[in-house]
Amino acid sequence: MPTDRTRRKLLRGTFAAAGLGMLGIPEWALPALAQGETIVPFTDAPPTFPPPKGDSRQYDIRTIDGPFSPADRFFTTQHYGHPVVEPAGFRLKLTGLVNRPVSLSLDELRKVGSTELIFGFECSGNRRPLQGLCGNGRWTGVPLRAVLDRAGGLKPQAREIVFFGADRGQEEVEFRTQKFSVEQQYGRSMTREQLVSSDAFLAWALNGEPLTRHQGSPLRLLVPGWYGMANVKWLAQVHAQEDAFLGKFQARHYRTLREENIDGDKKWTEAGISTMQPKSFLARVTRDGANYKVLGVALHDGTPLKSIEVRIDDGPWQPATIDPATRAKYSWKLFTYAWTNATPGEHTLVSRVTDATGRVQPTSEELESKKTFLEDNSQYPRKVTIA
Ligand SMILES: Nc1nc2c(c(=O)[nH]1)N[C@H]1C(S)=C(S)[C@@H](COP(=O)(O)O)O[C@H]1N2
Ligand SMILES: [Mo]
């Protein structure tokens, strides 16, 4: 008997294959605040975003002014700081169980192909109150499979593909009663099946400009539909191997502990983090005269969405409108809701997203079986006071 989770995964796969793709020709893009429009602040959480700290930066989602997040405001986070990788001497190494190990310069990669990918993602730790570890980009680069072809493809024994960044740091590895301090590169892996069914992409530009150091210059991996940790920045090496990769950021750091009901038994499960759970949250409420407008963000794994809805207080769920400029399969989705008849006093506003496989964004109560804080896609009610 498949568990609920594996069944959902199967369903999701089917729909993802049917994919909406890039259907929409953008008809409108959400503007910055229009003249006469003012922000109605949320009263339930600190209204200020922290200034960039060291190498990390959150995206102040109240300032969203178009489908794509500008490179100089794009959120950024990583474990070992920002290494400097000179584009001139750069080589991407393809090693291990590939038919013809190669190393490719940026020019050689560009000759393999150059296409665009619209992809919005969040860090798996993105959550309330700020929800600022997310962004949407128009990336330029080449599909990973075309680059693997330059290495003659994967050998039959290759079962795991490991992606190493140029950044490294000292880590403690515990083994029973022993502890070792070892240098590790940031490393993430995908199984061959995950890779083949993904649209993994190597990007050298964001919104038409070469990647900044924050964004992983000169080259980064993007795994559309997956949480941020998969998008290895400062990509240095792609290594194919037979064994599972058990590096810290694969095997330990990015996982979720849940209490699950499996065939009538309560079981504690730990699972690695991969694709984004469908999620939405409100970015701001604005007022123009007597008219109120709600703007929100939805993030998902590329499975078509059935609906994004907004609810005011105890009212019914009402459909929100998705900005057609964000309709691409892996784009984040921006949505608006025109709030008419707002009455004076305090109100609670919340959004939820439902995808085509029937997955509904859960409430925090429904997510209580998830014990660790990553993958928090719970509905996030916000309060505003209407004067
Ligand atoms: N090389 C490298 N890549 C990395 C990381 C890292 O520490 N090192 N952090 C990952 C995590 S956890 C996230 S959320 C994203 C953040 O991407 P951004 O800084 O472009 O927003 O980068 C990912 N790629
Ligand atoms: Mo992350």
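Calculation notes
Residue numbers run consecutively from 1 along every chain, following the written order of its sequence. Working convention: letters from A go to chains and numbers from 1 go to ligands, in the order in which they are written. At least 70 in pLDDT is required for a residue's local features to be given in this predicted model, at least 80 for side-chain atom pairs to be given and counted, and no such filter applies to totals for whole chains, interfaces and linings, which use all residues. Note that the side-chain values use all heavy atoms of the structure and ignore hydrogens as well as water. Strand pairing is defined by DSSP finding a minimum of two bridges between the two strands. Strands here mean DSSP runs of E at least two residues long; helices mean DSSP runs of H or I at least four residues long; both are numbered from the N terminus. Each salt bridge in this description consists of a side-chain nitrogen of Lys or Arg and a carboxyl oxygen of Asp or Glu lying within 4 Å of one another. The buried label applies to any residue whose accessible area, calculated with a 1.4 Å probe on protein chains only, is under 20% of its type's maximum; exposed applies above 50%, and partly exposed to all values in between. Being near a molecule or strand, for a residue, means having at least one of its heavy atoms within 4 Å of it. Residues are grouped as follows: Ala, Val, Leu, Ile, Met, Phe, Trp, Tyr, Cys and Pro are nonpolar; Asp, Glu, Lys and Arg are charged; every other residue, Gly included, is polar. None of His or the chain ends enter the tally, which takes Lys and Arg as positive and Asp and Glu as negative. Within 3.5 Å is the distance limit for a polar contact, defined as a pair of N or O atoms, with the added protein rule that one can donate a hydrogen and the other accept it, and that residues adjacent in sequence qualify only through two side-chain atoms. Should any heavy atoms of two residues lie within 4.5 Å, those residues are considered in contact. Axis definition: a line fitted to C-alpha atoms, limited for helices to the stretch in contact. Angles are taken between N-to-C directions and run from 0 to 180 degrees.

J.: Whenever I open this one, the pairing of strand 7 (residues 178-191) confuses me. Can you help?
T.: It is a general feature of regular strands that their side chains alternate between the two faces of the sheet. Pairing geometry for strand 6 (residues 160-175) and strand 7, over 13 bridges, is antiparallel. Opposite Glu171, over in strand 7, you have Val182 as the bridge partner. Counted along the chain from strand 6 to the antiparallel partner strand 7, the turn is 2 residues long, and its residue Arg176 has a positive phi close to 50°.

J.: Is there a simple way to think about the pattern of salt bridges in this case?
T.: Close approach of charged atoms allows side chains with opposite charge to pair. A full pass over the atoms with the stated rule returns 16 salt bridges. Notably, a salt bridge pairs Arg359 with Asp355, separated by 3.1 Å at the nearest N-O pair. Of the two residues, Arg359 and Asp355, neither departs from the other in class, the shared state being buried. Among the ionic contacts, a cluster of salt bridges with common partners joins Asp301, Asp355 and Arg359.

J.: Honestly, the site of ligand 1 in this entry has me stumped. Any pointers?
T.: Near ligand 1, the surroundings consist of 21 residues, among which Phe75, Asp167, Gln215, Arg220 and Lys233 are the closest. Broken down by class, the residue content of the shell around ligand 1 amounts to 9 nonpolar, 9 polar and 3 charged.

J.: Looking at this model, I keep getting lost on the side chain of Arg220. Mind explaining?
T.: If you trace the backbone, Arg220 turns up in strand 10 (residues 220-222). No salt bridge is formed by the buried Arg220; the nearest opposite charge belongs to Asp167, separated by 10 Å. Here Gln215 takes part through its backbone oxygen, which lies 3.4 Å from a polar atom of the side chain of Arg220. At a separation of 3.0 Å, a polar atom in the side chain of Arg220 contacts the main-chain carbonyl oxygen of Asn231. Excluding anything up to four places from it in sequence, Arg220 contacts Phe121, Trp139, Phe201, Leu202, Ala203, Leu211, Gln215, Asn231, Val232, Lys233 and Leu235.

J.: Which parts of the structure should I look at to understand the sheet that holds strand 2 (residues 92-96)?
T.: Note: strands within a sheet are paired through backbone hydrogen bonds, in either parallel or antiparallel orientation. Pairing is mixed across the open sheet formed by 5 strands, whose spatial order is 3-2-11-6-7. Only two strands of the sheet have a single neighbouring strand rather than two, namely strand 3 (102-104) and strand 7. Within the sheet, the average angular offset between the axes of one strand and its neighbour, ignoring direction, is 35°.

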